[in-house]
Amino acid sequence: MKITQLVLLAALAAPAAHAVEYRTVLPKQSTIHFEFRQMGVPVKGGFKRFTTEMAFDPAKPEAARAQIEIDLASIDAGSPEADDESAGKLWFNRSAYPKATFVSSQVRALGNNRYEMRGTLTLKGKSREMTVSVTYVPGKNASIFDGSFVLKRLDFGIGEGMWADVSTVADEVQVRFRIAATGTY
Amino acid sequence: MSVAMRYSTPAIVLHWLVALLIFVGFPLGVYMVDLPLSPDKLKLYSYHKWIGITVFLLVAVRVSWRLMHTPPSLPAGIAVWQRRASQIVHGLLYALILAIPLSGWLMSSAKGFQTVWFGVLPLPDLLEKNRELGDLLASVHKVLNFTLLGLVILHVGAALKHHFIERQPFLQRMGWGRKERT
Ligand code: HEM
């Protein structure tokens, strides 16, 4: 009788075995990059240290949530001079605002493993609503979440005073992140 | 002075255009490097790069023209060693005014900044971003530039000496003064 019970249990559990919730982020395989134009020249940068908390079940995308906290001191702004400059009051004012955070508020499935994630980005004490497009790439070991959005640095007071001149450093900053995560079944 | 004593008009125009651009681009380079980071500094760096790439293109045209046209022969009475020296210095000047913008372009690539000529035409990055290589190429750029400065002083000094002290019509060879003069 025991065996039939087990078989029965297994059969009942089988559909659930396909459900997965991604919660464990792999920091080494996750990246945040950005790109902006300086005198018409594309300049690439990124942040090396950030923590991500997330929960995503492909079967229930609207219940998904994500929270990213970035250590602004880990910036690569394109050159050592720019790294130093970015810490200052006119840019991130890092001693007062050492971190940037993004907290999701709503996720909408667009089909084809594409999602629209809304949330609040807080930088230099200013919070703005952002809409991030995210693509989910299921993988064997880890799955990948690729997101991108464009922010306007002046909305956050990033680059004040002389640096507010957008003909030298463009207002738009293209942000791209990749979060790798494993799930639990 | 017969026409054969003069460089061809394209050679003369290119000579002075390149000289003018270097006379602007060189001091600009020296001035901009020590500025604290600011939008103005970024602008000057771009202008410097645009001027430098323009020099590179003009020199490419100039060298091609030079290879297809024999320059006017030197006046009789110029010592053999001076003829030889002038050939060597002219060769080095051509090499430097090609190598200097080239080193600047490569330096910019290695430092992770693509060169976009006049903010419009992106030049390919021939090197990957590499901080050490970028710093090395900056030193190369600087050394080549100060070698150029030394040679230009020699070059200008020699031309002026022949013209004013030996009273040979040297400056006319490069288009200064009227064509018909005896
Ligand atoms: C005829 C052409 C050029 C001349 C005469 C020239 C001359 C100079 C000089 C004199 C300096 C200052 C060196 C120093 O004191 O450290 C300089 C720096 C510089 N040049 Fe040029 N240059 C030329 C072309 C270029 C080009 C084509 C580029 C890039 C596309 C370029 C990029 C730079 C950069 C980035 C620096 C600053 C290096 C640093 O930050 O240490 N240059 N140049």
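Higher on the page you've got the structure.
For clarity, every value in this text was computed on a predicted model and none was experimentally measured. (Residues numbered from 1 in each chain as written. Chains lettered and ligands numbered in written order. Predicted model: local features only at pLDDT ≥ 70, side-chain atom pairs only at ≥ 80, totals over all residues. Heavy atoms only, no water.)

A. Geometry of the overall build of chain B. Looking only at helices and strands, chain B has 5 helices and 2 strands in total. Buried positions account for 37% of the 182 residues belonging to chain B. In chain B, once contacts between residues fewer than 6 apart in sequence are set aside, the share between residues at least 24 apart is 66%. Of the accessible surface of chain B, which amounts to about 10700 Å², a share of 71% is contributed by carbon and sulfur atoms. If you average the places of the 18 positive and of the 8 negative side-chain charges in chain B, the two averages end up 14 Å apart. (Helix = DSSP H or I, 4+ residues; strand = E, 2+ residues; numbered from the N terminus. Buried < 20%, exposed > 50% of the residue type's maximum accessible area, 1.4 Å probe, protein only. Contact = heavy atoms within 4.5 Å. Areas by Shrake-Rupley, 256 points an atom, 1.4 Å probe, with all protein chains shown as cover. Lys, Arg positive; Asp, Glu negative; His and termini not counted. Charge placed at Lys NZ, Arg CZ, Asp CG, Glu CD.)

B. Region of interest: the overall build of chain A. Scanning chain A for helices and strands turns up 2 helices and 11 strands. Along the chain direction, N to C, the helices and strands of chain A fall in the order α-β-β-β-β-β-β-α-β-β-β-β-β. Whereas a compact globule of 185 residues would reach a radius of gyration of roughly 16 Å, chain A reaches 20 Å, over 25% beyond that. The dimensions of chain A, computed from C-alpha atoms along their principal axes, are 80 × 30 × 30 Å. Within chain A, the fraction of its 185 residues that count as buried is 41%. Intrachain contacts of chain A at a sequence separation of at least 6 include 58% that bridge at least 24 residues. Accessible surface for chain A amounts to roughly 10400 Å². Of this, 57% is attributable to carbon and sulfur atoms. (Rg over C-alpha atoms; globule rule 2.2 N^0.38 Å.)

C. Geometry of the interface of chain A and chain B. Each side of the interface is counted separately: chain A has 19 residues, and chain B has 15 residues. Buried area between chain A and chain B, summed over both chains or domains, comes out near 1400 Å², and the portion from carbon and sulfur atoms is 67%. By the criterion of area lost to chain B, the three top residues of chain A are M39(A), V41(A) and W163(A), representing 35% of everything that side buries. Linking chain A with chain B are 1 salt bridge, by the criterion used here. Viewed at the interface, chain B and chain A are joined by 2 residue pairs in polar contact (both at pLDDT 80 or more). Broken down by secondary-structure element, the contributors of at least two residues to the side of chain A that touches chain B are β3 (41-47) and α2 (80-87) of chain A. Sort the elements by how many residues they give to the side of chain A that touches chain B and α2(A) lands first, with 4 residues. (Buried area = accessible area lost by both parts, 1.4 Å probe. Salt bridge = Lys/Arg side-chain N within 4 Å of Asp/Glu carboxyl O. Polar contact = N/O pair within 3.5 Å; in protein donor to acceptor, adjacent residues only side chain to side chain.)

D. Representation of the site of the ligand within the structure. Residues and elements named next belong to chain B. Taken together, 23 residues form the shell around the ligand, and within it Y45, H48, G104, H141 and N145 come nearest. Take H48: an N or O atom from its side chain is 2.8 Å from a nitrogen atom of the ligand. A distance of 2.8 Å separates a nitrogen atom of the ligand from a polar side-chain atom of H141. Listed by contribution, the elements that provide at least two residues to the shell around the ligand are α1 (9-33), α2 (39-68), α3 (80-110) and α4 (131-165). Considering only residue class, the shell around the ligand consists of 13 nonpolar, 8 polar and 2 charged. (Near = heavy atom within 4 Å. Nonpolar A, V, L, I, M, F, W, Y, C, P; charged D, E, K, R; others polar.)

E. The arrangement of the side chain of T115(B) in detail. Mapping T115(B) onto the fold places it in the loop between α3 and β1 (116-117). Among all residues touching T115(B), those that are not within four sequence positions of it are K49(B), I53(B), W105(B), S108(B), L121(B), P122(B), L123(B) and D125(B).

F. Quick look at the coordination of the iron atom of the ligand. All names here are of chain B. Taken together, H48 (NE2) and H141 (NE2) make up the protein donors of the iron atom of the ligand, found 2.0 Å from the metal. For the iron atom of the ligand, the 6 donor atoms in the first shell make angles of 87 to 180 degrees at the metal, a pattern classed as octahedral. With H48 in helix α2 and H141 in helix α4, this pair connects stretches of sequence that are 93 residues apart. Under the relative-accessibility criterion, H48 is labelled buried at 18%. (Donors = N, O, S within 2.8 Å, 3.2 Å for Na, K, Ca; no water. Tetrahedral: all angles 85-135°; square planar, octahedral: opposite > 155°, others 65-115°.)

G. Broad picture of the layout of surface pockets. If you add up the space inside the second largest pocket, you get close to 1500 Å³. Each residue belonging to the lining of the second largest pocket can be placed in one class, and the counts come to 31 nonpolar, 9 polar and 5 charged. (1 Å grid on protein atoms, 1.4 Å probe; cavity = no way out; pocket = protein on both sides within 12 Å on 5 of 7 lines; lining within 4 Å. Points joined across faces, edges and corners; volume = space filled by probe spheres on them.)

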